[in-house]
Amino acid sequence: MRTTVGIIGGGPAGLLLGRLLDNAGIDNVVLERRDRAYVEQRQRAGILEQQTADTLRAAGAGARMDREGLVHHGIELRFDRGAHRVDFPSLTGGRGVVVYAQTEVVKDLIALRLADGGPLCFDAEVRAVEGVTSDRPVIHYRHEAEDRTLTCDYVVGCDGFHGVAREAVPASVRTTYERDYPYSWLGILAQAAPVYDELIYAHSARGFALASVRSPTVSRLYLQVPNGTDPAAWPDERVWDELDARFALDDDPTWKLERGPVTAKAVLPMRSHVTEPMRHGRLFLAGDAAHIVPPTGAKGLNLAAADVTVLARALIHQRDTGSADLLDAYSDTCLRRVWRAEHFSYLMTTTLHTDPAHSPFDTRLQLAQLARLATSPHAAADLADNYTGLPLPR
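Thresholds applied
- Position numbers for residues start from 1 in each chain and track the written sequence from start to end.
- Given that this is a predicted model, residues contribute local features only at a pLDDT of at least 70 and side-chain atom pairs are listed and counted only at 80 or more, while totals for whole chains, interfaces and linings are drawn from all residues.
- Just so you know, side-chain values use all the structure's heavy atoms and leave hydrogens and water out.
- The helix and strand labels rest on DSSP assignments: H or I over at least four residues marks a helix, E over at least two residues marks a strand, and numbering proceeds from the N terminus.
- With the radius of gyration taken over C-alpha atoms, the globule rule is written as 2.2 Å times the number of residues to the power 0.38.
- Any residue under 20% of the maximum accessible area for its type is buried, any over 50% is exposed, and the rest in between are partly exposed; the area is computed with a 1.4 Å probe on protein chains only.
- Any two residues whose heavy atoms approach within 4.5 Å are treated as being in contact.
- The Shrake-Rupley method, run with a 1.4 Å probe, gives the accessible areas here. Residue values count only the displayed protein chains as cover.
- Just so you know, the count uses Lys and Arg for positive and Asp and Glu for negative, and it drops His and the chain ends.
- In plain terms, the charge of a residue is placed at NZ if it is Lys, CZ if Arg, CG if Asp and CD if Glu.
- When DSSP finds two or more bridges between two strands, those strands count as paired.
- For every element, the axis is a line fit to its C-alpha atoms; helices are fit only across the contacting stretch, and the angle between N-to-C directions ranges from 0 to 180 degrees.
- The source of the domain bounds is an automatic or database domain assignment.
- For this analysis, a polar contact is any N or O atom pair within 3.5 Å, provided that within protein one partner can donate a hydrogen and the other can accept it, and provided that sequence-adjacent residues contribute only side-chain to side-chain pairs.
- Under the scheme applied, nonpolar residues are Ala, Val, Leu, Ile, Met, Phe, Trp, Tyr, Cys and Pro; charged residues are Asp, Glu, Lys and Arg; polar residues are all the others, including Gly.
- An angle below 35 degrees is read as roughly parallel, one above 145 as roughly antiparallel, one from 65 to 115 as roughly perpendicular, and any other as oblique.
- Left-handed describes a crossing whose near helix is turned anticlockwise from the far helix through less than a right angle; right-handed describes the clockwise counterpart.
- By definition here, a salt bridge exists when the distance from a side-chain nitrogen of Lys or Arg to a carboxyl oxygen of Asp or Glu is within 4 Å.
- Any two rings among Phe, Tyr and Trp, with Trp reduced to its six-membered ring, count as a pair given centres within 6.5 Å; such a pair is stacked if its planes are under 30 degrees apart, edge-to-face if over 60, and tilted if neither.
- Cation placement over rings: the criterion is NZ of Lys or CZ of Arg within 6 Å of the ring centroid and within 35° of the ring normal.

### Overview of the overall build of the protein chain
When helices and strands are tallied, the protein chain shows 13 helices and 20 strands. A compact globule built from 394 residues should have a C-alpha radius of gyration of about 21 Å, and the protein chain, at 21 Å, falls within 12% of that. In terms of overall dimensions, the protein chain has C-alpha extents of about 65 × 40 × 40 Å along its principal axes. Per-residue burial over the protein chain gives 55% buried out of 394 residues. Put simply, 71% of the contacts in the protein chain that link residues at least 6 apart link residues at least 24 apart. About 16,500 Å² of surface is accessible on the protein chain, with carbon and sulfur atoms providing 51% of the total. When the 43 basic and 51 acidic side-chain charges of the protein chain are each reduced to a single mean position, those positions are 1 Å apart.

### A few points about the sheet that holds strand β16 (residues 218-225)
With mixed pairing, 8 strands are arranged side by side in an open sheet as β6-β5-β14-β15-β16-β13-β17-β20. On the outer flanks of this sheet lie β6 (82-87) and β20 (291-292), each paired with one strand and no other. By the bridge criterion, 2 bridges tie strand β17 (residues 262-276) to β20 in an arrangement that is antiparallel. When the sheet's bridge partners are listed, Val274 is paired in β20 with His291. Against the sheet, helix α8 (residues 236-246) contacts β13 (175-190), β14 (200-202), β15 (209-215), β16 and β17, and its axis sits at roughly 80° relative to β16. Along the sheet, helix α11 (residues 330-352) makes contact with β13, β14, β17 and β20, crossing β17 at roughly 130°.

### As for the sheet that holds strand β10 (residues 138-143)
A sheet is described by the order of its strands in space; here 3 strands give the open sequence β9-β10-β11, paired in antiparallel fashion. Here the strands that pair on one side only, and so sit at the sheet edges, are β9 (125-130) and β11 (146-151). The sheet shows a mean angle of 25° between the axes of neighbouring strands, direction not considered. With 6 bridges connecting them, β10 and β11 associate as antiparallel partners.

### Re the domain arrangement of the protein chain
Domain parsing of the protein chain yields domain 1 (2-46 + 101-180 + 271-356) and domain 2 (184-268). Taking the mean C-alpha position of each, domain 1 and domain 2 sit 31 Å from one another. At the junction of the two partners, domain 1 supplies 12 residues and domain 2 supplies 12 residues. Our count for the domain 1 to domain 2 interface comes out at 4 residue pairs in polar contact (both at pLDDT 80 or more). Across the side of domain 1 that touches domain 2, the residue classes tally to 5 nonpolar, 6 polar and 1 charged.

### Focus on the packing of helix α1 (residues 12-23) against helix α9 (residues 300-321)
Working note: a packed helix pair is described by the angle between its axes plus the distance between those axes. Between α1 and α9, the shortest axis-to-axis distance is 9 Å and the interhelical angle comes to 30°. The angle between α1 and α9 falls in the class roughly parallel. In the packing of α1 onto α9, the handedness of the crossing is right-handed. The residues of α9 that touch α1, namely those facing Pro12, Ala13, Leu16, Leu17, Leu20 and Leu21, are Leu301, Ala304, Ala305, Val308, Thr309, Leu311, Ala312 and Leu315.

### Side note on the pairing of β15
In the case of a regular strand, side chains alternate between the two sheet surfaces. For β15, the tally of buried residues reaches 7 of 7 residues, placing the bulk of the element in the interior. Examined bridge by bridge, β14 and β15 share 3 bridges and lie antiparallel to one another. Its bridge partner lying in β15, Tyr201 is registered against Leu210. Taken together, β14 and the strand that follows it, β15, pair antiparallel across an intervening segment of 6 residues, in which Gly207 is found at a positive phi of about 120°. The hairpin turn running from β15 into β16, its antiparallel successor, is 2 residues long.

### A look at the pattern of salt bridges
Under the criterion given, the structure shown has 35 salt bridges. Ionic pairing is found between Glu32 and Arg42, a salt bridge with its closest N-O pair at 3.9 Å. Placement of the pair is Glu32 in the loop between β2 (28-31) and α2 (36-41) and Arg42 in the loop between α2 and β3 (47-48), with a sequence separation of 10 residues. The exposure class assigned to Glu32 is buried, which follows from its relative accessible area of 4%. Between Arg78 and Glu76 there is a salt bridge; the shortest N-O distance is 2.4 Å. For the pair Arg78 and Glu76, a shared accessibility class is recorded, and that class is buried. Several salt bridges share partner residues, and in doing so they unite Arg64, Glu68, Glu104, Lys107 and Asp108 into one network.

### Some words on the packing of aromatic side chains
Where two aromatic rings form a pair, the distance of their centres and the angle of their planes describe that pair. Counting across every chain of the model gives 10 aromatic pairs. Ring-pair connections join several aromatic residues into one group, and the members of that group are Phe88, Trp185, Tyr201, Phe208, Tyr222 and Tyr387. Directly above the aromatic system of Phe161 lies the positively charged group of Arg271, at a separation of 4.5 Å from the ring centroid.

Here it is in structure tokens:
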């Protein structure tokens, strides 16, 4: 099989890139190693930056998001048993975020691609990528019990940290930067109506907690736990009790979460990772294949969307003008935004979590920073600007 752009990975990055290229008339094939049911059910991010939501709308993939997504105009910070709201529109010139789960974005993009007849192969395990420094890279994969090849002009790896694409960049030319954090998140999905209008980020002596949403009837909630925690050690009642304790307010002692059946529970390690460069020859890395952020700043899905938007623009530019200048600049262009998001996510993570090695002095520094966010318009504006999403670089 032959195509212009071979896309490895049928998650949000690969599917969005495919959609953007389809709309521009650039042929492409998406190869996904999992089956459709798995891809449409895996729980991931749920916050879309303004730029990501606008990109989906412009691509013709935002109709259900606009019907069912929840537009949020701020977040609440809780610390010292008090609550402080950060208002996004007043600090950013009108920007906000949309709460719309990654699973729903993926469902929408899959449905559009299948309706348009775009090549999308599930259960297609990519075994190797060869010839990325030539003008005809080849993807070797197995599909329907047969070994197959896909010859491309360009290969895009959207297959995650453990995928084949990242490993196809020789170790001699790639540099890895990473940080592991001394805590994890215990996350639950619950059939319980949120009793809050916007996300709540809580710093407490007991550890961090986050109250998020998936819909008017489904809550997504997280607790900071030690690395290596077994979810089975946290029965549902213990989770709910601990969440209430970490969200407690002095001026509203009756404030409690709405409880309901827990439908999913998992422990998520926290790490930061960047691979440089994001391009080698005609192989381009996007999303988790190039970078991972701790989820505190809600940047993972949004960085992936930004990567493929920049890449689609560069491929269209090359097709229309014959110039490869935007493709040549792809890695540097994306990495500027990646490192800004890494820094923001690091600050959010280290400011809100209780490090096991923290001294009382460290805790007072955290509280001083949180107080500044609550009282300084300049500090709050910086948080709001990064949270709602920085403009795509040109």
